[in-house]
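Remarks on the overall topology
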Amino acid sequence: MTSAETAPPPPMRLRELVFGAAVSAAIRAAARLGVADALDDSPMAVEDLAAAVKTEPKPLRRLLRALSCYGVFAEGPDGTFTHTDMSRQLREDAPDSLRAIALWCTEPWTWDAWPRLDEAVRTGKNVVEDLYGKEFFTYLNEDAPESADVFNRAMTRSSEQSAREVAALLDLSGAKSVADVGGGQGHVVACLLDKYPRMQGTLLDLPRVVGNALPRLREGGDLADRARIVPGDVREAIPVEADVYVIKNILEWDDESTARTLRNVVEAGGPGTRVIVIENLVDDTPSMRFSTAMDLLLLLNVGGAKHTTDSMVSRLGAAGLLVDEIRPVNPYLHAFECHVPG
């Protein structure tokens with residue numbers, strides 16, 4: 001059997017949940033081995049698959065059998081394995097690939113941090129600084145460059161997949177300029193510049209991040225004449241004037257950092273400026289299990305949090321913004337349309 005047809009009784013379900021780390025580890029192993037990439041659209045014998053990914057057949061069968069119980073790969077009556085909708089998302093070349101996210105959420109530091117969740121719950125503080133003696137992103141860049149690279153790839157993939165949906169949702173037809181605040185490599189601003197051919201756009205993020213901005217936005221790129229790239233820490237200042245500021249998935253730090261960023265945007269824009277904040281929420285949405293898990297991970301690594309609708313509205317109001325409308329971008333992202341009064 002590859003999956004249960006009925007829900008297990010509570011004692012067995014709890015046993016399954018406490019072995020959740022085994023599922024995470026199995027997904028990580030399959031992603032690192034490239035099993036999904038080696039498996040094509042036809043069923044494959046485990047011996048052939050093992051040869052393709054350079055593993056031993058018997059332990060590979062055990063790995064795939066465990067994953068098949070959760071719908072990641074499927075085992076046929078003849079012992080061959082095939083793809084499922086979920087396993088295809090572990091392929092590097094899948095348009096909706098989640099391989100980078102799967103690796104990021106199971107990086108080595110996570111296995112050090114999760115056992116200390118009770119400590120984080122007691123204190124309300126991150127545990128990474130005690131573990132490694134450094135702030136989380138400093139640790140990543142100085143001591144765990146491979147994890148930093150996985151993080152950058154995961155964020156890039158996530159931005160690629162959501163940027164078009166964000167651009168399609170937003171009506172910026174009355175604006176002449178837009179600033180992508182903490183915008184990573186600039187996927188959102190690039191999509192907005194595509195949608196509005198007369199608009200000017202600015203990408204603002206840390207120097208090491210904008211150093212890898214999309215080639216389209218850099219000198220020689222097709223959007224370069226309408227794009228400006230500004231290095232800086234949005235928690236310190238927003239040295240950019242724009243009609244519209246877009247802030248996507250960065251207001252998840254500690255409360256003070258979030259408050260400073262929002263205040264900086266209000267100060268930079270001034271009265272009448274539009275501010276659009278896009279975030280995952282931990283309200284009752286289809287992404288509830290994923291969002292609440294990420295919420296706990298943020299507590300562990302940076303002392304941050306995902307937001308509810310009410311907590312986001314409260315923070316926006318405290319920064320001096322008026323919320324005009326809240327709309328879903330997709331099942332896991334919501335856009336808070338705001339303006340600076342005056």
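For the structure given in this document, a descriptive report is provided here. As the structure is a computational prediction, the values presented were derived from the model and not from experiment.

Taken together, the buried positions of helix α17 (residues 309-318) are S311, M312 and L316. The buried residues of α17 occupy an angular sector of 135° when the element is viewed end-on, so they sit on one face. Those residues of α17 that are exposed and angled more than 90 degrees off the buried face are D310 and A318. Buried positions along α17 lie against α15 (255-269), β7 (274-279), β8 (322-330) and β9 (333-339). With its phi angle positive at about 100°, G320 sits one or two positions after the end of α17.

In this section: the sheet that holds strand β3 (residues 177-181). What the seven strands build is an open sheet, ordered β5-β4-β3-β6-β7-β9-β8; its pairing is mixed. Whereas interior strands pair on both sides, the edge strands pair on one side only; in this sheet they are β5 (227-231) and β8. Going across the sheet, the axis of each strand differs from the next one's by a mean of 20°, ignoring polarity. Pairing analysis gives six bridges linking β7 to β9, with the strands arranged antiparallel. Among the inter-strand pairings, I276 is bridged to a residue of β9, identified as E337. Those strands touched by helix α13 (residues 187-195) are β3, β4 (200-205), β5 and β6 (244-248), and its axis lies near 180° from that of β4.

Cut-offs applied
- Residues numbered from 1 in each chain as written.
- Predicted model: local features only at pLDDT ≥ 70, side-chain atom pairs only at ≥ 80, totals over all residues.
- Heavy atoms only, no water.
- Buried < 20%, exposed > 50% of the residue type's maximum accessible area, 1.4 Å probe, protein only.
- Helix = DSSP H or I, 4+ residues; strand = E, 2+ residues; numbered from the N terminus.
- Arc of directions from axis to C-beta.
- Contact = heavy atoms within 4.5 Å.
- Pairing = 2+ DSSP bridges.
- Axes fitted to C-alpha atoms, helices over the stretch in contact; angles between N-to-C directions.

Purely geometric stuff here, so don't read any function into it on its own.
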